[in-house]
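Structural characterization, general
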Amino acid sequence: MTDAVLTVRGLRKHFTVKRGFPRTVTVTVKAVDDVSFEVRPGEAFGLVGESGCGKSTTGRALLRLIEPDDGEILYRGENVRAAEGAALRALRRKLQIVFQDPFSSLNPRRKVGQALAEPIEVHGLARSRAEVDGRVAALLAEVGLPAAAADRYPHEFSGGQRQRIGIARALSLEPELIVADEPVSALDVSIQAQVLELLRGLQARRGLAFVFIAHDLGVVRYFCQRLAVMYLGRIVEVGTVDELFAEPLHPYTRMLRDASPIPDPTMRGKLPRIEGETPSAANPPSGCHFHPRCPHAKPVCREIYPKTTIVGGRQVACHLHGGT
Ligand code: SF4
């Protein structure tokens, strides 16, 4: 699609780690391995999978908080990986991130008002102190916090309020896309629902697009329009949330769906443990990485990683669906 706000092609990020005692064995972890997807304007695109599947590394690589090894990242056709200096700063205005733990991204010694004002000042988005203060007040109101919050320190807020501050900070630069990395997973269930409602409202009002990273299928089903399922560094299926939940094509998507059938975020459980252990990304199984856990595995599955094919407009990598 040419109107995508973000296009990712062949993204790779491999890490070298030392193993053993003493640490003499060097292994390569293919955290993100040939990942491709698009995000359309104003849509919430989910990246979901078990812990260690590469979804958070992918999110950070999109913003170059981690430098990718290979692949293409285009924001509105502009090459994110090639951007430097002023061009990179301009791109970072448009692409923002919200972390699971907003506290880690807030300076505990700076008042919330200062934390929100800083990016506005650095990027020259206001002409006067009064305008900066006005923007800060408007941001706080938009995320449901009182104006008086500007004069308080991060530790004075609850987890849900801190996440609202993290969201306000991301909004301060008027982005077009936010990478939300497990933004509600550290919160109580009732607070999760409130923060998701806030994000939904922002999506509708501001036309914001999201790359929404989560291990919780209930949250993803509630918030996202389309979804990529990741397994050991690779995307195994992409489709609309309705398609993937109604008729998953990939056996792994089906397992996730069957184990988490409840869409209401106040009722769902966490992504369940499904049959078998997740293999290590440092030593993935041959062929299709999912074959040791797959009830449909065929001999070819142990030998050859399936190609990604398009089935009814959906992207899937499985030998059952023409991936040979
Ligand atoms: Fe299962 Fe084979 Fe499809 Fe992998 S390629 S998910 S092992 S059927």
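In this report, we go over the structure that sits alongside the text. (Residues numbered from 1 in each chain as written. Predicted model: local features only at pLDDT ≥ 70, side-chain atom pairs only at ≥ 80, totals over all residues. Heavy atoms only, no water.)

**Points about the site of the ligand**
Around the ligand there are 13 residues in total, and Cys288, Cys294, Cys301, Cys318 and His319 lie nearest to it. Applying the majority rule of atoms within 2 Å of the grid points places the ligand in the largest cavity. A class-by-class count of the residues in the shell around the ligand yields 9 nonpolar, 4 polar and no charged. (Near = heavy atom within 4 Å. 1 Å grid on protein atoms, 1.4 Å probe; cavity = no way out; pocket = protein on both sides within 12 Å on 5 of 7 lines; lining within 4 Å. Sits in = over half its atoms within 2 Å of the grid points. Nonpolar A, V, L, I, M, F, W, Y, C, P; charged D, E, K, R; others polar.)

**Some words on the layout of surface pockets**
A volume near 480 Å³ is recorded for the largest pocket. Around the largest pocket, the lining is made up of 22 residues, and of these Gln96, Ile97, Pro119, Arg169 and Leu173 lie nearest the centre. Elements represented by at least two residues in the lining of the largest pocket include exactly helix H2 (85–94), strand S6 (95–98), helix H3 (112–122) and helix H5 (159–171). Its volume calculated, the second largest pocket comes out at about 290 Å³. Forming the walls of the second largest pocket are 16 residues, and the residues nearest its centre are Glu38, Arg40, Arg226, Val238 and Gln315. Within the residue set of the lining of the second largest pocket, elements represented by two or more residues are strand S1 (6–19), strand S2 (25–39), strand S10 (234–240) and strand S12 (314–317). (Points joined across faces, edges and corners; volume = space filled by probe spheres on them. Helix = DSSP H or I, 4+ residues; strand = E, 2+ residues; numbered from the N terminus.)

**Observations concerning the packing of aromatic side chains**
For the structure on display, the rule yields 6 aromatic pairs. Ring geometry for phenylalanine 212 against phenylalanine 223: centres 4.7 Å apart, planes inclined by 40 degrees, an arrangement best described as tilted. Here the residue phenylalanine 212 occupies a position in strand S8 (residues 209–214), and phenylalanine 223 occupies one in helix H7 (residues 217–223), the gap between them amounting to 11 residues. (Phe/Tyr/Trp six-rings, centres within 6.5 Å; stacked < 30°, edge-to-face > 60°.)

**Concerning the pattern of salt bridges**
Taken as a whole, this structure holds 23 salt bridges when the rule is applied. For the salt bridge of glutamate 72 with arginine 9, the shortest nitrogen-to-oxygen distance reads 2.6 Å. Here the residue glutamate 72 occupies a position in strand S4 (residues 70–75), and arginine 9 occupies one in strand S1, the gap between them amounting to 63 residues. Looking at glutamate 72, the relative accessible area reads 31%, which means it is partly exposed. The shortest N-O distance in the salt bridge between glutamate 131 and arginine 135 comes to 4.0 Å. (Salt bridge = Lys/Arg side-chain N within 4 Å of Asp/Glu carboxyl O. Buried < 20%, exposed > 50% of the residue type's maximum accessible area, 1.4 Å probe, protein only.)

**Structural notes on the environment of asparagine 79**
Here asparagine 79 is to be found in strand S5 (residues 78–79). The spatial distance from the C-alpha of asparagine 79 to the C-alpha of valine 316 is 26 Å, given a sequence separation of 237 residues. If sequence neighbours within four positions are ignored, asparagine 79 has contacts with Ile73, Leu74 and Leu91. Side-chain polar atoms of asparagine 79 contact the backbone nitrogen of arginine 81, separated by 3.0 Å. (Contact = heavy atoms within 4.5 Å. Polar contact = N/O pair within 3.5 Å; in protein donor to acceptor, adjacent residues only side chain to side chain.)

**Considerations on the sheet that holds S2**
Read across the open sheet, the 4 strands follow the order S2-S1-S4-S5; overall the sheet is antiparallel. Looking along the sheet, the strands with just one partner apiece sit at the ends: S2 and S5. Here helix H1 (residues 55–62) sits on the sheet and contacts S1, S2 and S4; the angle it forms with S1, its principal contact strand, is near 120 degrees. (Pairing = 2+ DSSP bridges. Axes fitted to C-alpha atoms, helices over the stretch in contact; angles between N-to-C directions.)

**Side note on the nonpolar core**
Ranked by internal contacts, the top residues of the largest apolar core, which has 62 residues, are Ile167 and Phe212. Apart from residues lying up to four places away in sequence, isoleucine 167 is in contact with Val98, Val143, Val195, Leu198, Leu199 and Leu202. With 32 residues, the next largest nonpolar core counts Leu6, Leu91, Leu95 and Val211 among its residues. (Core = buried A, V, L, I, M, F, W, Y, C linked by side-chain atoms within 4.5 Å.)

**Here we look at helix H4 (residues 129–142)**
If you check H4, its first and last C-alpha atoms are 20 Å apart, about what 14 residues at 1.5 Å a residue would give, namely 20 Å. Of all the positions in H4, only Val132, Val136, Leu139 and Leu140 are classed as buried. Buried residues of H4, seen end-on, are gathered within an arc of 100 degrees and therefore sit on one face of the element. The outward face of H4, more than 90 degrees from its buried face, is lined by the exposed residues Ala130 and Ala141. Those residues of H4 that are buried lie in contact with H3, H5 and helix H6 (189–206). One or two steps after H4, the chain reaches glycine 144, where phi turns positive at roughly 80 degrees. (Expected span 1.5 Å × (residues − 1). Arc of directions from axis to C-beta.)

**So, empty space enclosed by the protein**
Using the criterion set out here, one finds 3 cavities of 30 Å³ or more in the structure. The wall of the largest cavity is formed by 13 residues, among which Pro251, Cys288, Cys294, Cys301 and Cys318 lie closest to the centre. In terms of residue class, the lining of the largest cavity is built from 8 nonpolar, 4 polar and 1 charged.

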